[in-house]
Amino acid sequence: MKVLVTGGCGYIGSATARWLRSKGVDVQVIDNLSEGHRQAWDGPLEILDLLDRDLLHTYLKGKSFDGVVHFAARCYVGESVEQPERYWRSNVVPVIHLTEALQGVPFVFSSTCATYGEPQAEYLQEDHPQFPVNPYGATKLAAERLLLDRSAAGHGTCGLLRYFNAAGAAPGGDFGEHHDPETHLIPLAIDAALGERPPMTIFGTDYPTPDGTCIRDYIHVDDLAAAHEKALDCLITGGDSGYWNLGTGNGFSVRQIMDAVGHAVGQPVPFKEGPRRVGDPAILVANSAKAKAELGWVPHYTDVNELVATAVAWHRAHPSGYAS
Ligand code: UFG
């Protein structure tokens, strides 16, 4: 089986590329290395910008893939609010270029719970209304719609995977999360606990949650990788298009995550309390029953301490992240 993985040098993309390769899949990665890291993927790599339609189509001409998994995108909610044009271009145009060139090829898409917007239920199901509250979620939803339209036209099935909070690192500490700038809770808390950054700021302590801080569903990056394999298998063996939430179904507050980080590092996370961050819903927790039932996907990392420990192991082995 030959699969094209775009953004395969990024955090979730490289975890999935490595996971698929470990299952015997012939993986070809495309990445422009704008956010990804060369060290995150040591297999076949084409350095190419998906926004360059001619270059992409020339590259794909005459090549054949059993499936495509598309990660390449911009993924910062705050940045998307400040630079919406950039997000619409980066997150939608490559999907157009890829689908034009890959008629009939099953397409697994990296989507997000941010497509739902403000939650109207404690556990989000796939039939929750989709009213994104930021451009990031809106662009991901637009790409979802394009892929569903393509599927309805008979031009190729799609699997839309709506991640909750991707976290953790490869067991062993060889690969992990490296964003520049880093904005995510777990790596920032680790840095603060180790004294490598100033105390972290808790964004909001007046949410309607038991300890006043936001609750999220942290899903390990290798569990996400496994879900992509399942979705690919489903589509390639003739399964219908679908959309699936990927989370553990367990919510943890910011303070609970800080406790888990403090425990794993061996010293508490220094912090200060700050105002809410724009665009943060109080609680985002998945109901992933659909993925379990339809894809046979079961997350392995349901213990948040175990998940956080993998992130700490990666950080200790690579305090500055990847070399590039
Ligand atoms: N947080 C802090 N302080 C920080 C950083 C984060 O209190 O310094 C809080 C946030 O307010 C939030 C929680 O920690 O409540 C998690 O924040 P992250 O930035 O780690 O993750 P997000 O929930 O903002 O974003 C993630 C993905 C997005 C995706 C979103 C869906 O990074 O791509 O989940 O909700 F869209």
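Rules of the game
Residues numbered from 1 in each chain as written. Predicted model: local features only at pLDDT ≥ 70, side-chain atom pairs only at ≥ 80, totals over all residues. Heavy atoms only, no water. Helix = DSSP H or I, 4+ residues; strand = E, 2+ residues; numbered from the N terminus. Rg over C-alpha atoms; globule rule 2.2 N^0.38 Å. Buried < 20%, exposed > 50% of the residue type's maximum accessible area, 1.4 Å probe, protein only. Contact = heavy atoms within 4.5 Å. Areas by Shrake-Rupley, 256 points an atom, 1.4 Å probe, with all protein chains shown as cover. Lys, Arg positive; Asp, Glu negative; His and termini not counted. Charge placed at Lys NZ, Arg CZ, Asp CG, Glu CD. Polar contact = N/O pair within 3.5 Å; in protein donor to acceptor, adjacent residues only side chain to side chain. Domains from an automatic or database assignment. Buried area = accessible area lost by both parts, 1.4 Å probe. Salt bridge = Lys/Arg side-chain N within 4 Å of Asp/Glu carboxyl O. Phe/Tyr/Trp six-rings, centres within 6.5 Å; stacked < 30°, edge-to-face > 60°. Lys NZ or Arg CZ within 6 Å of the ring centre and 35° of its normal. Pairing = 2+ DSSP bridges. Expected span 1.5 Å × (residues − 1). Bend = angle between axes of the 7 residues up to and from the residue. Axes fitted to C-alpha atoms, helices over the stretch in contact; angles between N-to-C directions.

## Quick notes on the overall build of the protein
- A count of helical and extended segments in the protein gives ten helices and 14 strands.
- Taking 2.2 N^0.38 as the reference for a compact globule, 324 residues should give roughly 20 Å; the C-alpha atoms of the protein span a radius of gyration of 19 Å, in line with that estimate.
- Projecting the C-alpha coordinates of the protein onto the three principal axes gives extents of approximately 55 × 40 × 40 Å.
- Looking at the protein residue by residue over its 324 residues, the buried ones come to 54%.
- Looking at the protein alone, contacts between residues at least 24 apart form 76% of all its contacts between residues at least 6 apart.
- When the accessible surface of the protein is totalled, it reaches about 13,600 Å², and 52% of it is carbon and sulfur.
- Charged side chains of the protein number 25 positive and 39 negative; the gap between the two group centres comes to 3 Å.

## Digging into the side chain of D280
- Locating D280 in the fold gives a position in the loop between β13 (271–274) and β14 (283–284).
- For D280, the side chain forms a polar contact with the side chain of R277, separated by 3.1 Å.
- Apart from the residues within four sequence positions on either side, D280 is in contact with Y207, C214 and R216.

## A word on the domain arrangement of the protein
- According to the domain assignment, the protein contains domain 1 (2–164 + 219–246) and domain 2 (167–217 + 249–323).
- Taken together, the contacts link 31 residues of domain 1 with 39 residues of domain 2.
- Across the interface of domain 1 and domain 2, roughly 3,100 Å² is buried in total on both sides, 60% from carbon and sulfur atoms.
- Contact with domain 2 buries surface across domain 1, with Y11, Y76 and H220 losing the most and accounting together for 21% of the total.
- Linking domain 1 to domain 2 there are zero salt bridges.
- Between domain 1 and domain 2 we count 17 residue pairs in polar contact (both at pLDDT 80 or more) in total.
- Listed by contribution, the elements that provide at least two residues to the side of domain 1 that touches domain 2 are α1 (11–22), β10 (218–220), α7 (221–236) and β11 (242–246).

## Considering the packing of aromatic side chains
- Counted according to the given criterion, the structure contains one aromatic pair.
- When the ring of W314 is compared with that of Y322, the centres are 4.9 Å apart and the planes differ by 50 degrees; the resulting orientation is tilted. Here the two residues W314 and Y322 agree in accessibility, since each one is buried.
- Above the plane of the ring of W19 lies K23, whose end atom (NZ or CZ) is 4.8 Å from the centre.
- Between the NZ or CZ atom of K290 and the centre of the ring of Y243, over which it lies, the distance is 4.7 Å.

## Description of the sheet that holds β14
- Ordered by their spatial adjacency, three strands build an open sheet running β12-β9-β14, and the pairing between neighbours is mixed. A single partner strand is all that each edge strand has here, and the edge strands are β12 (252–253) and β14.
- Examined bridge by bridge, strand β9 (residues 215–216) and β14 share two bridges and lie parallel to one another. Bridged to R216 within β14 is L284.

## Let's talk about helix α4 (residues 84–101)
- With 18 residues, α4 extends 26 Å from end C-alpha to end C-alpha; this agrees with the ideal 26 Å at 1.5 Å per step.
- Its axis deflected by about 25 degrees at V92, α4 carries its strongest bend there, up to four residues before the proline P94.
- Buried residues of α4: Y87, S90, N91, V92, P94, V95, H97, L98 and T99, and no others.
- Looking at the buried residues of α4, the elements they touch are β1 (2–6), α2 (53–60), β4 (67–70), α3 (77–82), β5 (107–112) and α5 (135–152).

## Quick look at the sheet that holds β5
- The parallel open sheet is built from seven strands, whose spatial order is β3-β2-β1-β4-β5-β6-β11. Only two strands of the sheet have a single partner each, and these edge strands are β3 (45–47) and β11. Strand-to-strand twist across the sheet, computed as the mean angle between neighbouring axes with direction ignored, equals 20 degrees.
- As paired elements, strand β6 (residues 158–163) and β11 share five bridges and run parallel to each other. Paired with R162 across the strands is N245, a residue of β11.

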